[in-house]
Amino acid sequence: MNSWSSVRMGCRVMRRMYSTVTSRSLVNDGNCASLRNDSVRSSSSHEQNIVKSPYLDITVPDINLIDFVWEMVDIYPDRTALVCALTGRRYTYAESRGIARRFAASLCRAGFKHGNVLAVVLPNVPEFPLVLFGALEAGMVVTTVNPVFTPEEIGKQLRDSGAVGVVTISDIYSKVSKAVAVLEAERKSKIPIILTPGLEDKAIPRGTINFQDMTHKGIDTSNLGAHNMLSPDSLVVLPYSSGTTGLPKGVKLSHRHLITNCLQVLSEPKICRAERATDDFREIVPALLPFYHIYGLLSLAIASLYCGAKVVTVPTFEPAQFISTVVKYKATALYLVPPVIQFMSSHPDVKTSDFETVRLVNSGAAPIGYNDVERLLEKAPHVEFTQGYGLTESSPAATILEKGSTNYKSCGKPIPNTEMKIVNMDTNMNLGPGEAGEVCIRGPQVMAGYHNNPQATAETIDPSGWLHTGDMGYYDEENDFYIVDRYKELIKVKGLQVAPAELEDILRSHPGVADAAVIGVPDQRSGEVPKAFIVSKGPKLTEDDVKKFMAGKVSRHKHLTGGAEFVTTIPRNPSGKILRKKLKEMYCK
Ligand SMILES: Nc1ncnc2c1ncn2[C@@H]1O[C@H](COP(=O)(O)OP(=O)(O)OP(=O)(O)O)[C@@H](O)[C@H]1O
Ligand SMILES: O=C(O)[C@H]1CSC(c2nc3ccc(O)cc3s2)=N1
């Protein structure tokens with residue numbers, strides 16, 4: 001086993017598919033409205049304890065995503081926009097724009113109509129954004145599907161979204177075609193499958209459409225309508241998220257939602273952000289976060305291309321390969337999730353020199369350990385670290401940590417045009433600083449609703465426009481927000497709430513612990529009690545050591561009364577969220 005193998009094992013889930021972060025830039029165009037007062041917590045109406053963004057409001061232009069995202073094409077047409085870290089396949093800005101437009105023309109010619117849903121089942125290949133923007137230019141809506149899904153899971157999303165076409169690669173064609181065949185039989189109609197170039201050279205299966213045939217230079221684009229036919233409020237993407245409860249649901253996001261969130265994260269000089277390209281500088285951004293997830297989609301496909309960055313697509317997470325990609329391409333901005341940051345900060349083979357060109361690291365999607373940030377900055381002291389918080393339902397960003405802040409436990413303050421509050425779920429009262437309750441978000445980036453599910457929409461967005469996140473959190477006197485845990489994960493010990501994330505953070509601070517997860521297990525006396533699963537660094541650690549360590553740090557009801565069990569790996573989803581249901585299935589039979 002080489003020295004990367006332990007990381008490989010630990011990052012097994014992540015390796016399945018993934019991506020990283022984006023960049024931001026300076027876009028305040030002088031249209032800014034009023035300066036907001038960061039210490040005021042009451043809204044213009046009668047509600048108390050509303051935390052407004054401390055930043056200048058941004059003005060969102062009344063345009064569509066196509067005109068927005070390709071702004072750099074005319075300035076730097078010959079710069080590389082997209083390059084595949086694995087195959088070296090690359091496209092300049094001018095080529096990208098041309099291919100996307102010809103794809104749009106071919107889609108229209110093939111009979112796809114405005115508002116039709118196209119399912120994109122792709123890992124991070126450079127064609128992903130071209131497919132996305134081409135489909136949008138044709139007036140279609142894209143539902144992004146996790147390419148590691150099984151045929152059944154793919155089928156569910158195709159069915160629920162009403163997709164009438166699918167884009168994939170030959171590498172995963174056999175499972176995608178299984179899902180499509182089932183749906184074709186149900187609907188008694190054909191669902192075309194389009195194949196983009198993939199990860200390996202494979203023959204194009206019969207009966208499919210070749211992306212290259214739809215995008216070559218001979219394709220006539222005169223059938224495309226003017227862009228202003230695309231209304232900024234029409235839907236563009238339908239990513240799936242399970243939200244606070246229940247099954248995955250399609251989240252309806254429009255041109256305006258995505259442009260707004262992009263400008264929110266790029267406009268404010270007080271938050272660490274990517275820069276827009278100039279003659280002397282441009283961001284170089286490895287796209288490791290999956291494009292199918294809104295964090296990757298917004299930060300890597302939209303904000304980075306809007307900035308004129310070079311986006312280096314990374315289709316799977318292989319630790320050593322990822323580091324060599326960062327070094328080889330001289331990456332400047334890394335958009336990551338906590339497990340990747342943890343690996344980069346702790347693995348001895350990741351060196352200070354590997355970060356030489358990196359100036360920005362953003363963490364999002366799941367809680368990051370304070371120790372991991374400290375260790376990262378010990379290794380790379382020149383790096384600006386920042387953390388964001390958001391949800392698919394908020395396009396996704398709602399908060400970002402301020403530039404220069406060392407308050408790494410916090411995910412920062414509301415971004416421009418965003419209000420937040422903490423609500424007591426029993427009394428529905430807004431809470432003040434230091435009091436934990438449900439995090440609520442209001443702003444122009446909040447989704448239009450769930451697809452075909454008015455009930456779930458009404459349960460999530462209240463009549464005053466507040467998005468109820470299902471996350472437990474609080475803010476401090478500085479209006480910095482902290483995410484404690486998700487309500488659906490909380491353990492109820494004698495009726496008291498215990499947040500697994502708090503105990504996991506403590507366990508991971510033990511020098512003998514490589515990784516940890518906590519779940520609630522049934523208990524006769526207390527109803528439920530916390531139980532820990534530990535991946536230890538060496539053989540010396542015992543269950544008793546772990547229990548005593550915890551008992552020395554937290555109040556009685558949070559002790560590991562359910563025990564501590566040693567395991568080889570903690571099941572996680574690609575963004576680092578612990579798969580507690582899976583953990584229970586694996587170990588609590
Ligand atoms: N900086 C952060 N710190 C802690 N938690 C975060 C942070 N950023 C995001 N999250 C968590 O991620 C959630 C949003 O994730 P996402 O929109 O991907 O949906 P999801 O509910 O995880 O989807 P699914 O359950 O389908 O995987 C938030 O509600 C929050 O719990
Ligand atoms: O989807 C999420 O879970 C989150 C959590 S944080 C987040 C984002 N953070 C940034 C930071 C910069 C940027 O350009 C885009 C995003 S999306 N998305």
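Residues numbered from 1 in each chain as written. Chains lettered and ligands numbered in written order. Predicted model: local features only at pLDDT ≥ 70, side-chain atom pairs only at ≥ 80, totals over all residues. Heavy atoms only, no water.

Condition: UniProt positions are given in the numbering used here, feature names are shortened, and annotations may be inferred rather than shown by experiment.
By the naming in an unreviewed UniProt entry, the protein chain goes by Luciferin 4-monooxygenase and is assigned to Cryptotermes secundus. Taken from UniProt, the Sequence similarities (unreviewed entry) comment for the protein chain reads in full: "Belongs to the ATP-dependent AMP-binding enzyme family." As stated in UniProt under Catalytic activity (unreviewed entry), the record for the protein chain gives "firefly D-luciferin + ATP + O2 = firefly oxyluciferin + hnu + AMP + CO2 + diphosphate".

1. Overview of the pairing of strand β11 (residues 249–254)
What counts here: Burial classification: accessible surface area is computed with a 1.4 Å probe over protein chains only, and a residue below 20% of its type maximum counts as buried, one above 50% as exposed, and the rest as partly exposed. Strands are runs of DSSP state E lasting at least two residues, helices are runs of H or I lasting at least four, and both sets are numbered from the N terminus onward. For two strands to be treated as a pair, DSSP must find no fewer than two bridges joining them.
Along β11, five of the six residues are buried, which leaves the element largely enclosed by surrounding structure. In the sheet, strand β9 (residues 235–237) pairs with β11 via two bridges, with the strands oriented antiparallel. Paired with L235 across the strands is S254, a residue of β11. Relative to β11, strand β10 (residues 240–241) is paired through two bridges, and the arrangement is antiparallel. Note on β11: the bridge partner recorded for S241 is K249. Two strands pair when backbone bridges link them, and β11 and strand β21 (residues 449–450) are joined in this way by two bridges, in the antiparallel orientation. The residue of β21 that forms the bridge with K252 is G449.

2. Digging into the site of ligand 1
Formally: Being near a molecule or strand, for a residue, comes down to having at least one heavy atom within 4 Å of it. Whenever two N or O atoms come within 3.5 Å, that pair is a polar contact, provided that in protein one can donate a hydrogen and the other can accept it, and provided that, for residues adjacent in sequence, both atoms are side-chain atoms. Computed with the Shrake-Rupley method and a 1.4 Å probe, the accessible areas treat only the protein chains shown as cover for residues. Amino acid classes used here: Ala, Val, Leu, Ile, Met, Phe, Trp, Tyr, Cys and Pro are nonpolar; Asp, Glu, Lys and Arg are charged; the rest, including Gly, are polar.
Around ligand 1, the surrounding shell holds 17 residues, and the nearest of these are S242, H293, G388, T392 and D471. One nitrogen or oxygen atom from the main chain of A365 is found 3.3 Å from a nitrogen atom belonging to ligand 1. Within the complex, the protein chains bury 86% of what would otherwise be the 640 Å² of accessible surface of ligand 1. Residue assignment for the shell around ligand 1 shows that the elements contributing at least two residues are β16 (384–390) and β23 (481–486). Residues of the shell around ligand 1, tallied by class, amount to six nonpolar, eight polar and three charged.

3. Quick word on the environment of D372
The cut-off we apply is this: Residues count as neighbours in contact if any of their non-hydrogen atoms are within 4.5 Å of one another.
Among the structural elements, D372 can be located in helix α13 (residues 370–379). By relative accessible area, D372 is classed as buried at 8%. Considering only alpha carbons, one finds D372 and V182, 190 residues apart in sequence, at a separation of 45 Å. Leaving out residues up to four positions away in the same chain, D372 has contacts with Q342 and S345.

4. Considering the state of the cysteines
For clarity, the cut-off: Throughout, disulfides are identified as pairs of cysteine sulfur atoms within 2.5 Å of each other.
As enumerated under the stated definition, the model contains zero disulfides in all. No disulfide involves C272; its nearest neighbouring cysteine sulfur is the one of C307, lying 14 Å away. C307 carries a free sulfur, and the closest cysteine sulfur to it, the one in C262, is 6.6 Å from it. Assessed through its relative accessible area of 0%, C307 is described here as buried.

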